[in-house]
Amino acid sequence: MENLSLPRPHERLDVWRDAMLLVEAVYRATSRFPVEERLGLTAQMRRCAVSVPSNIAEGAARRSTSEYLRFLSIARGSLSELSTQLEISRRLGFDEGSAIDPDLLDRTFARLNALIRANERRLREPDDALPESPIPNPESHAR
């Protein structure tokens, strides 16, 4: 039977989809790194890449905008760390024929920064109610 359920709130975000593409690209690229880097740069780059969409998703599931922003900030930090590690791999010559598109990294940064700015504006808007995340958060994502 076909799953007709709607995508989860974070799955509707372009930045989350870009971050998932980045994870795939990092795994492909690091699979070609030297074996001696498996516990070093390879593992670190993969952890950072996975952290980006994971924190976007976790933040989207939170009830308040301030919590959402905290997780988006963590995602941005992981993306910055990954950017540095990509530069290290380039300088060490590990990125021959890299599967990582620099435009994807730049686009992910831009979309994440735009999402952060939009939510920061929401926090500054006067409102009597507790600021809510702009992404609907059903009681449970369980189906």
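Residues numbered from 1 in each chain as written. Predicted model: local features only at pLDDT ≥ 70, side-chain atom pairs only at ≥ 80, totals over all residues. Heavy atoms only, no water.

J.: What should I look at first to understand helix 4 (residues 102-124) in this one?
T.: Along its 23 residues, helix 4 runs 33 Å from first to last C-alpha, staying within 8% of the 33 Å computed at 1.5 Å per residue. Those residues of helix 4 that are buried lie in contact with helix 1 (14-30), helix 2 (41-60) and helix 3 (65-91). With a side-chain oxygen positioned 2.9 Å from the backbone nitrogen of Asp103, the residue opening helix 4 is Asp101. (Helix = DSSP H or I, 4+ residues; strand = E, 2+ residues; numbered from the N terminus. Expected span 1.5 Å × (residues − 1). Contact = heavy atoms within 4.5 Å. Polar contact = N/O pair within 3.5 Å; in protein donor to acceptor, adjacent residues only side chain to side chain.)

J.: Help me understand the environment of Ala25, please; the structure alone is not making it clear to me.
T.: When you line up the elements, Ala25 lands in helix 1. For Ala25, the contacting residues outside a window of four places in its chain are Ala99 and Ile100.

J.: When you look at the pattern of salt bridges in this model, what are you seeing that I'm missing?
T.: Close approach of charged atoms allows side chains of opposite charge to pair. With the rule as written, the count across this model stands at eight salt bridges. Its salt-bridge partner being Asp18, residue Arg111 comes within 2.7 Å of it at the nearest N-O pair. Of the two residues, Arg111 sits in helix 4 while Asp18 sits in helix 1, which places them 93 residues apart along the sequence. What emerges from the salt-bridge pattern is a single network uniting Asp18, Arg107 and Arg111. (Salt bridge = Lys/Arg side-chain N within 4 Å of Asp/Glu carboxyl O.)

J.: What is the right way to read the nonpolar core from this model?
T.: The nonpolar side chains of a soluble globular protein tend to be buried with one another. Among the nonpolar cores identified, the biggest contains 33 residues, and Ile56, Leu82 and Leu112 are the most heavily contacted of them. Residue assignment for this core shows that the elements contributing at least two residues are helix 1, helix 2, helix 3 and helix 4. Apart from the residues lying within four places of it in its own chain, the contact partners of Ile56 are Leu13, Val15, Trp16, Ala19, Tyr68, Leu72, Ala75 and Leu112. (Core = buried A, V, L, I, M, F, W, Y, C linked by side-chain atoms within 4.5 Å. Buried < 20%, exposed > 50% of the residue type's maximum accessible area, 1.4 Å probe, protein only.)

J.: So what exactly am I meant to see when it comes to the confidence of the model for the chain here?
T.: Detailed reading of the predicted coordinates is not advisable wherever pLDDT falls low. Confidence along the chain averages 85 in pLDDT terms, with 82% of residues attaining 70 or more. For the chain, the element scoring lowest by mean pLDDT is helix 4, at 94; helix 2 scores highest, at 96. (pLDDT = per-residue confidence, 0-100.)

J.: Sorry, what's going on with the packing of helix 2 against helix 3 here?
T.: Describing two packed helices takes the angle between their axes plus the distance from one axis to the other. Between helix 2 and helix 3, the least distance of the axes is 8 Å, while the angle of their chain directions is 160 degrees. The angle between the axes of helix 2 and helix 3 places the two elements in the roughly antiparallel class. Along this stretch, helix 2 crosses helix 3, giving a crossing that reads as left-handed. Looking at the contact of helix 2 with helix 3 residue by residue, the class counts come to 16 nonpolar, seven polar and two charged. (Axes fitted to C-alpha atoms, helices over the stretch in contact; angles between N-to-C directions. Parallel < 35°, antiparallel > 145°, perpendicular 65-115°, else oblique. Left-handed = near helix turned anticlockwise from the far one by under 90°. Nonpolar A, V, L, I, M, F, W, Y, C, P; charged D, E, K, R; others polar.)

J.: Mind showing me how you'd approach the packing of helix 3 against helix 4 here?
T.: Between helix 3 and helix 4, whose axes approach to 10 Å, the crossing angle comes to 160 degrees. Considering the angle they form, helix 3 stands roughly antiparallel to helix 4. The element helix 3 and its partner helix 4 pack so that their crossing is left-handed. Here Thr65, Ser66, Tyr68, Leu69, Leu72, Ser73, Ala75, Arg76, Leu79, Ser80, Ser83 and Leu86 of helix 3 lie close against helix 4, whose contacting residues are Leu105, Thr108, Phe109, Leu112, Asn113, Leu115, Ile116, Asn119, Glu120, Arg122 and Leu123. Grouping the amino acids of the contact of helix 3 with helix 4 by side-chain chemistry returns twelve nonpolar, eight polar and three charged.

J.: I'm lost on the packing of aromatic side chains in this one. Help?
T.: Ring pairs (aromatic) are described by centroid distance and by the angle formed between their planes. What the rule picks out here adds up to one aromatic pair. Their ring planes at 50 degrees and their centres at 5.4 Å tell us that Phe33 and Phe94 sit as a pair that is tilted. Taken as a pair, Phe33 in the loop between helix 1 and helix 2 and Phe94 in the loop between helix 3 and helix 4 lie far apart in primary sequence, 61 residues in all. Judged on exposure class, the residue Phe33 and its partner Phe94 are both buried. (Phe/Tyr/Trp six-rings, centres within 6.5 Å; stacked < 30°, edge-to-face > 60°.)

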